[in-house]
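What follows is each chain in one-letter form.
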Amino acid sequence: MSVMTLDESSRTNHSDGPWAVETHGLTKRFGDNVAVNDVELLVPRGCAFGYLGPNGAGKTTLIRVLLGLTRADAGTMSLLGYSVPRRRDQALARVGAIVDEPRFHGHLTGRQNLQILAAARERAARERIDASLERVGMAHRANDRVSKYSMGMRQRLGVAACLLGDPQLLILDEPMNGLDPAGMHEMRDMILSLVAEGRTVMLSSHLLDEVERTCDAVAIVDHGKVIRQGPIAELLAGAAMQVEVGCSSPERARSILADTPLGANIDVETSGLSIHLAAGTGRDAIAEINRRLVESGIEVYRLQEIQVSLESWFLEVTSRLGDTA
Ligand SMILES: Nc1ncnc2c1ncn2[C@@H]1O[C@H](COP(=O)(O)OP(=O)(O)OP(=O)(O)O)[C@@H](O)[C@H]1O
Ligand SMILES: [Mg+2]
């Protein structure tokens, strides 16, 4: 009977559920400093997910808690459907991670480092060494000592080390750190190709731009707290919108719109108006602007919706947070 129970619980606990990482109320304190503050995180499977926040926001600490490198003070978590710490071994068998920066023995070659790491894993890991080196473009430098590697090569060897376990989930702490623009580009392509293979990549970063380019979904963290999360496209859809209007008589155009709900935030420029629309304003507001101006005899030459970048949205969200603090 006890075997039945074990089987049963492993079947229900190893889930094909939607989340690669799931946390509820996860909290880690260092004295009075709450480095991870009541974090509710849902990382969907099969995507690149960015854990985005400024220095000291608690990104590395969250990753260390997830990997069991330090203990949570409160909350629950699961990786790939396995609740941890209870089923940590099963979870970590399918997780590859780089925390802080990858550490290797400098006097050994890249291949020898991977051999040592593979020896600590299941037998199949040894057979993945060549493919992993190939996969990250390091096969031609595999027999050089790691001490001769550039930062970018070390990062790539770090990813190769992750791949030894054929992970479903990769957790990478600041994978772009120390890389030049070309190195960042390579790392981004590598992350995207891992996701294309059906793996999940969760990365932490303080680089808004990189997260916007690399990730499908994001959690924005500040002072240990997740303040927004979701698919980037959905988050941006809820952001404020800006419309540039090229028109005749900008001053008169402004006064026409000032009497309407659209007129809350209008800057007059030499060749038209720049209008800030509140979050949640539909695109039909743009059509309404056009109709009102044209009906009042204003010539409209151009109407352009300005794409809100994650960066400006991030600043908007964090400054709002500052206002209420
Ligand atoms: N071992 C530790 N002992 C005490 N405080 C710690 C420890 N590790 C982290 N902290 C504190 O926890 C907070 C979060 O640190 P953490 O390293 O997780 O931030 P981070 O988001 O990874 O920052 P960075 O972008 O600089 O890597 C900081 O205030 C830090 O000083
Ligand atoms: Mg960190």
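Caption draft 1: Representation of the environment of Pro 231. You can see Pro 231 is positioned in strand β10 (residues 225-231). Note: C-alpha distance between Pro 231 and Ile 286 (55 residues apart in sequence) is 25 Å. Beyond its immediate sequence surroundings of up to four residues, Pro 231 is in contact with Asp 216 and Ala 217.

Caption draft 2: Representation of the sheet that holds strand β4 (residues 74-79) within the structure. In spatial order, the strands read β2-β1-β4-β5; together these 4 strands make up an open sheet with antiparallel pairing. In the strand order of this sheet, the two ends are held by β2 (33-44) and β5 (82-84), each with one partner. Adjacent strand axes in the sheet meet at a mean angle of 25 degrees, parallel and antiparallel pairs treated alike. Each of β1 (19-30), β2, β4 and β5 is contacted by helix α2 (residues 59-66), which is oriented at about 115 degrees to β1, the strand it contacts most.

Caption draft 3: Examining the site of ligand 1 more closely. Residues in contact with ligand 1, as listed here, are Phe 30, Asn 33, Ala 35, Pro 54, Asn 55, Gly 56, Ala 57, Gly 58, Lys 59, Thr 60, Thr 61 and Glu 174. Gly 58 is positioned such that a nitrogen or oxygen atom in its backbone is 2.9 Å from an oxygen atom of ligand 1. A distance of 2.6 Å separates an oxygen atom of ligand 1 from a polar side-chain atom of Thr 61. Across the complex, the protein chains shield 57% of the 640 Å² of accessible surface that ligand 1 would expose by itself. Residue assignment for the shell around ligand 1 shows that the elements contributing at least two residues are β2 and α2. In terms of residues, the shell around ligand 1 owes the most to one element, α2, which gives 3 residues. Here the residues of the shell around ligand 1 are counted per class, giving 4 nonpolar, 6 polar and 2 charged.

Caption draft 4: Looking closely at the domain arrangement of the protein. Along its sequence, the protein is carved into domain 1 (11-230) and domain 2 (240-307). Taking the mean C-alpha position of each, domain 1 and domain 2 sit 45 Å from one another.

Caption draft 5: Quick peek at the sheet that holds strand β14 (residues 300-306). What the 4 strands build is an open sheet, ordered β12-β13-β11-β14; its pairing is antiparallel. Lying at the two open borders of the sheet, with one neighbouring strand each, are β12 (266-269) and β14. Neighbour-to-neighbour, the strand axes of the sheet open up by a mean angle of 15 degrees, direction not taken into account. Sheet topology places strand β11 (residues 241-247) next to β14; 6 bridges connect them, and they run antiparallel. Bridge pairing in β14 places Val 243 opposite Glu 305. With respect to the sheet, helix α12 (residues 284-295) is in contact with β11, β13 (272-277) and β14, its orientation differing from that of β14 by roughly 160 degrees.

Caption draft 6: Structural detail: the pairing of strand β3 (residues 48-52). Buried residues dominate β3, accounting for 5 of its 5 residues. When β3 meets strand β8 (residues 200-205), the two strands line up parallel, connected through 5 bridges. Across the sheet, residue Gly 50 finds its bridge partner in β8, namely Leu 203.

Caption draft 7: Here's a closer look at unusual backbone geometry. Here the residue pair Val 84 and Pro 85 is connected by a cis peptide bond, since its omega of 10 degrees sits within 30 degrees of zero. Even without being a glycine, Leu 80 presents a positive backbone phi close to 50 degrees. The exposure class of Leu 80 is buried, given its relative accessible area of 3%. With a phi angle near 50 degrees, Glu 174 is a residue other than glycine that sits in the positive phi range.

Caption draft 8: Just α2, in detail. Most of α2 sits out of view: 6 of its 8 residues are buried. Among the residues of α2, Lys 59, Thr 61, Leu 62, Ile 63, Val 65 and Leu 66 are the ones counted as buried. Positioned one or two residues after α2, Gly 68 has a phi angle of 75 degrees, which is positive.

The rules behind these values
By convention here, each chain's residues receive numbers from 1 onward along its written sequence. Here every chain gets a letter starting at A, and every ligand a number starting at 1, in the order they are written. Local features in a predicted model are, by the rule used here, given only for residues with pLDDT of at least 70; side-chain atom pairs are given and counted only at 80 or more, and totals for whole chains, interfaces and linings are based on all residues. Computation of side-chain values: all heavy atoms of the structure, hydrogens and water removed. Comment: elements are numbered from the N terminus, with helices defined as DSSP H or I runs of at least four residues and strands as E runs of at least two. Only heavy atoms matter for contacts: two residues are in contact if any of them lie within 4.5 Å across the pair. What makes two strands pair is DSSP finding at least two bridges between them. To get an axis, fit a line to the C-alpha atoms, keeping to the stretch in contact for a helix; angles then go from 0 to 180 degrees between the N-to-C directions. Consider each residue's heavy atoms; a residue with any of them within 4 Å of a molecule or strand counts as near. Any N or O atom pair separated by 3.5 Å or less is treated as a polar contact, with the protein-specific requirement of one donor-capable and one acceptor-capable atom, and with residues adjacent in sequence counted only for side-chain atom pairs. Shrake-Rupley sampling with a 1.4 Å probe provides the accessible areas, and residues are treated as covered by the protein chains on show and by no other component. In this classification, the charged set is Asp, Glu, Lys and Arg, the nonpolar set is Ala, Val, Leu, Ile, Met, Phe, Trp, Tyr, Cys and Pro, and all remaining amino acids, among them Gly, are polar. Each domain span listed reflects an automatic or database assignment of domains. Here the term buried applies to any residue with accessible area under 20% of the maximum for its type, exposed to any over 50%, and partly exposed to those in between, with areas from a 1.4 Å probe on protein chains only.

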